[in-house]
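Residue-level listing of the chains:
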Amino acid sequence: MNVLILGSGGREHAIAWKISKSQDLTNLYVAPGNAGTSDVAQNVDVSATDFEQVKAFVLQKEIGLVVVGPEQPLVDGIVDYFGKDPDLINTLILGPSARASLLEGSKDFAKNFMKKYNVPTAAYQSFSRDQLEQAKAFLRQLKPPYVLKADGLAAGKGVLIANDFEQAEKALTDMLVDEKFGVASEVVVIEEFLDGMECSVFAITDGTDYKILPVAKDYKRIGEGDTGLNTGGMGCVSPVPFVDEGFMQKVESKIIKPTIKGIQMENLKFNGFLFLGLMNVDGEPYVIEYNIRLGDPEAQVILPRVKSDFLELCLGAAKNELASTSIEINDEYALSVIAASGGYPEKYEKQKQISGLDEELGAMIFQAGTTKDNRNITITSGGRVLAVTAMAENIKQAREKAYHALEKIHFEKIYYRKDIGKDLLE
Ligand code: AMP
Ligand code: GLY
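Since the structure is predicted, the reported quantities are computational estimates derived from the model, not experimental observations.

A.B. asks: Quick question: what am I supposed to make of the packing of aromatic side chains here?
C.D. replies: Any pair of aromatic rings gets described here by the distance separating the centres and the angle formed by the planes. A full pass over the atoms with the stated rule returns 12 aromatic pairs. Consider the rings of Tyr29 and Phe57, whose centres lie 5.1 Å apart with planes at 80°: the pair is edge-to-face. With a gap of 28 residues between them, Tyr29 in strand β2 (residues 28–32) and Phe57 in helix α3 (residues 51–60) connect regions that are remote in the sequence. Classification of Tyr29 by relative accessible area gives buried; the value is 6%. Taking 6.3 Å as the distance between ring centres and 55° as the angle between the ring planes, the aromatic pair formed by Tyr81 and Phe82 counts as tilted. A network of ring pairs unites the aromatic residues Phe51, Tyr81 and Phe82 as a single cluster. Taking NZ or CZ as reference, Lys217 lies 4.8 Å from the ring centre of Tyr219, over its face. In this arrangement the basic side chain of Lys418 is found over the ring face of Tyr416, its NZ or CZ atom lying 5.0 Å from the centre.

A.B. asks: Quick question: what am I supposed to make of the side chain of Asn280 here?
C.D. replies: In this structure, Asn280 sits in strand β15 (residues 272–281). Engagement of the side chain of Asn280 in a polar contact is seen with the backbone nitrogen of Gly283, the distance being 2.8 Å.

A.B. asks: Sorry, what's going on with the site of ligand 2 here?
C.D. replies: The environment of ligand 2 is made up of Asp218, Gly232, Phe275, Arg293, Gly295, Asp296, Pro297 and Glu298. Within the side chain of Arg293, an N or O atom sits 2.9 Å from an oxygen atom of ligand 2. Here Asp296 contributes a backbone N or O atom positioned 3.0 Å from an oxygen atom of ligand 2. When its residues are assigned to classes, the shell around ligand 2 shows 2 nonpolar, 2 polar and 4 charged.

A.B. asks: Any chance you could explain the site of ligand 1 here in plain terms?
C.D. replies: Residues in close proximity to ligand 1 total 15 residues, the closest being Glu191, Glu192, Leu194, Glu198 and Glu289. Within the contact set of ligand 1, a nitrogen atom lies 2.8 Å away from a backbone nitrogen or oxygen of Leu194. Between Lys220 and ligand 1, the recorded distance is 3.1 Å, taken from a side-chain N or O atom to an oxygen atom. Elements represented by at least two residues in the shell around ligand 1 include exactly β7 (146–150), β8 (159–162) and β16 (284–291). Considered class by class, the residues forming the shell around ligand 1 number 8 nonpolar, no polar and 7 charged.

A.B. asks: Any chance you could explain the sheet that holds strand β9 (residues 187–191) here in plain terms?
C.D. replies: Within a beta sheet, neighbouring strands are joined by backbone hydrogen bonds and run either parallel or antiparallel to one another. The 4 strands lie next to each other as β6-β9-β7-β8, forming an open sheet whose pairing is antiparallel. Here the strands that pair on one side only, and so sit at the sheet edges, are β6 (124–128) and β8. The average undirected angle you get between the axes of adjacent strands in this sheet is 20°. Along the sheet face, helix α8 (residues 132–141) touches β6, β7 and β9 and points at about 155° away from the line of β6. Each of β6, β7, β8 and β9 is contacted by helix α9 (residues 165–176), which is oriented at about 10° to β7, the strand it contacts most.

A.B. asks: In this structure, what is going on with the environment of Lys143? I would like to understand it.
C.D. replies: The topology assignment puts Lys143 in the loop between α8 and β7. Residues Lys143 and Asp164, 21 residues apart in the sequence, show an inter-C-alpha distance of 9.0 Å.

A.B. asks: Help me understand the nonpolar core, please; the structure alone is not making it clear to me.
C.D. replies: Note on soluble globular proteins: their nonpolar side chains tend to be buried together. Of all hydrophobic cores here, the largest spans 75 residues; its most connected members are Leu4 and Ile78. Per-element tally for this core: the top contributor is helix α10 (residues 245–265), with 7 residues. Filtering out sequence-adjacent residues up to four positions away, Ile78 remains in contact with Leu6, Ala48, Phe51, Val54, Val68, Pro73 and Ile93. Counting residues in hydrophobic clusters, the runner-up holds 39 residues, among them Val30, Met234, Val306 and Leu311.

A.B. asks: Teacher, can you tell me more about the sheet that holds strand β5 (residues 92–94) here?
C.D. replies: Read across the sheet, 5 strands follow the order β3-β2-β1-β4-β5 without closing on themselves; strand pairing throughout is parallel. Every interior strand has two partners, whereas the edge strands, β3 (42–43) and β5, have only one. Of the strand pairs in this sheet, strand β1 (residues 3–7) and β2 are connected by 5 bridges, and their pairing is parallel. Each residue of the ladder has a partner; that of Leu4, found in β2, is Tyr29.

A.B. asks: In this structure, what is going on with α9? I would like to understand it.
C.D. replies: Residues spaced three or four apart along an α-helix point in a common direction, a consequence of the helix completing one turn every 3.6 residues. With 12 residues, α9 extends 16 Å from end C-alpha to end C-alpha; this agrees with the ideal 16 Å at 1.5 Å per step. Buried within α9 we find Phe165, Ala168, Ala171, Leu172, Asp174, Met175 and Leu176. Next to the buried residues of α9 lie β6, α8, β7, β8 and β9. Capping the start of α9 is the job of one residue whose side-chain oxygen sits 3.2 Å from the backbone nitrogen of Glu166: Asp164.

A.B. asks: Could you clarify how one ought to interpret the pattern of salt bridges in this entry?
C.D. replies: Should the charged atoms of two oppositely charged side chains come close, the side chains can pair. Enumeration over the complete set of coordinates arrives at 24 salt bridges. For the salt bridge of Lys111 with Glu191, the shortest nitrogen-to-oxygen distance reads 2.9 Å. Here Lys111 is found in helix α7 (residues 107–116), whereas its partner Glu191 is found in strand β9, with 80 residues between them in sequence. In this structure, Glu284 engages Lys250 in a salt bridge whose closest nitrogen and oxygen atoms are separated by 2.9 Å. Of the two residues, Glu284 sits in strand β16 while Lys250 sits in helix α10, which places them 34 residues apart along the sequence. Glu284 gets classed as partly exposed once you look at its relative accessible area, which sits at 25%. You can call Lys250 partly exposed: its relative accessible area is 27%.

The rules behind these values
Every chain is numbered independently, its residues counted from 1 as its sequence is written. Naming scheme: in the order in which they are written, chains are lettered from A and ligands are numbered from 1. Only residues with pLDDT of at least 70 get local features here, since the model is predicted, and only at 80 or more are side-chain atom pairs given and counted; chain-wide, interface and lining totals rely on the full set of residues. Computation of side-chain values: all heavy atoms of the structure, hydrogens and water removed. Between rings of Phe, Tyr and Trp, where Trp is taken as its six-membered ring, a pair exists when centres lie within 6.5 Å; planes separated by under 30 degrees are stacked, by over 60 edge-to-face, and by other angles tilted. Numbered from the N terminus, helices here are DSSP runs of H or I no shorter than four residues, and strands are runs of E no shorter than two. Think of it in three bands: residues with accessible area under 20% of the maximum for their type are buried, residues over 50% are exposed, and the middle band is partly exposed, with areas taken using a 1.4 Å probe on protein chains only. The criterion for a charge sitting over a ring is simple: Lys NZ or Arg CZ within 6 Å of the ring centre, and within 35 degrees of the ring normal. Pairs of N or O atoms are called polar contacts if they sit within 3.5 Å, as long as, within protein, a hydrogen donor faces a hydrogen acceptor (for residues adjacent in sequence, only side-chain-to-side-chain pairs). We call a residue near a molecule or strand as soon as one heavy atom of that residue lies within 4 Å of the molecule or strand. For this scheme, ten residues count as nonpolar: Ala, Val, Leu, Ile, Met, Phe, Trp, Tyr, Cys and Pro. Four count as charged, namely Asp, Glu, Lys and Arg, and the remainder, Gly too, count as polar. For two strands to be treated as a pair, DSSP must find at least two bridges joining them. Axis lines are fitted to C-alpha atoms, over the contacting stretch for helices. Their N-to-C directions set the angle, which ranges from 0 to 180 degrees. Should any heavy atoms of two residues lie within 4.5 Å, those residues are considered in contact. Definition of nonpolar core: a set of buried residues of the types Ala, Val, Leu, Ile, Met, Phe, Trp, Tyr and Cys, connected through side-chain atoms within 4.5 Å. Expected span, for any helix, means 1.5 Å times one less than how many residues it has. Put simply, a salt bridge is a Lys or Arg side-chain nitrogen that is within 4 Å of an Asp or Glu carboxyl oxygen.

As structure tokens, then:
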């Protein structure tokens, strides 16, 4: 079978790497991909959000399965587009419908869904622009810290946690009245603060059955000790020591099962990856957010731990035949550190030559913001440049291996956090 992966990040490099090992694979393409994906697949100069272009390529290369990496084409309705087009009847696509993607695309939709299907989440209320006064009155009833979220997609930056009332009130006005996040903040969700430890649980589903993928912890802030600005993620560890079997059983019974039931009751077509951003509050799981795709850099620690044929799982989920597949997970630890361009997540320079990629590293490299120049040399092209993933029987050794590999990789103004996984030792 010919497979096309849409996207260009480290997540898509990890997906491509994993699928490239499948026995069922004939040709593998990534659109648009990056310098790393071209090592395991053929890059295609097609934008993941240009559905006409994607269709033309799918027909030209007789693609049997499209795997959608990022959320934007899903929220834009690529799965519905494929479903409606008679020319694409023979092509499977793995990803949820536009309506199902609202679980990520609209916080208000997601919160209402959780309430309706009894999925534990923080208490909340949503407000639109003409409800500023009501929103302030609601804020006054809460205790600090205050959590404010822009309703729509804001690339992980639409959440604000304020420690005092004045700060929260100002942020509320910025979002609702001054549209700080554009249309994404035309509606704002205000919610109760959950105090606990965060982790992410993933499942692959066909909307009826599901298989639980490895759990991960993401390091979202740019600075060591979880300080500074939020990023797309600066590192990841899987599995997570504070997630035990008892907690996972609660996640399955209190969150995954009711979520799948809700997906069925609401007729949301959901074939794809369910990503649960969770808070462990005194041993009880609460959903902070749903995402409808794999995480980045979570994929870079999850997929190396999946022992089963990943293409088979993807096909099972796309064909509504997930029940007939099986999943086996490696019990080693995977730890991934993101090397970023100095300055990220704010202004940074690009086109820096990357050295060390061909050395014996003892770790895997999943590239993200990379491209090749006209001399075929790999250069930087984004903020998060690459992920170094190491595997070992414990976090200490995985850390040593990952940081040892990073010492051999260089580009001008390289930056990475040195404390990934450090809080999980012992
Ligand atoms: P989100 O985009 O919804 O995942 O939120 C971004 C981050 O804000 C999360 O990863 C949490 O660290 C934090 N956060 C979001 N909602 C809450 C909440 N209700 N209580 C505490 N922290 C939260
Ligand atoms: N690492 C968080 C995300 O992919 O949304």
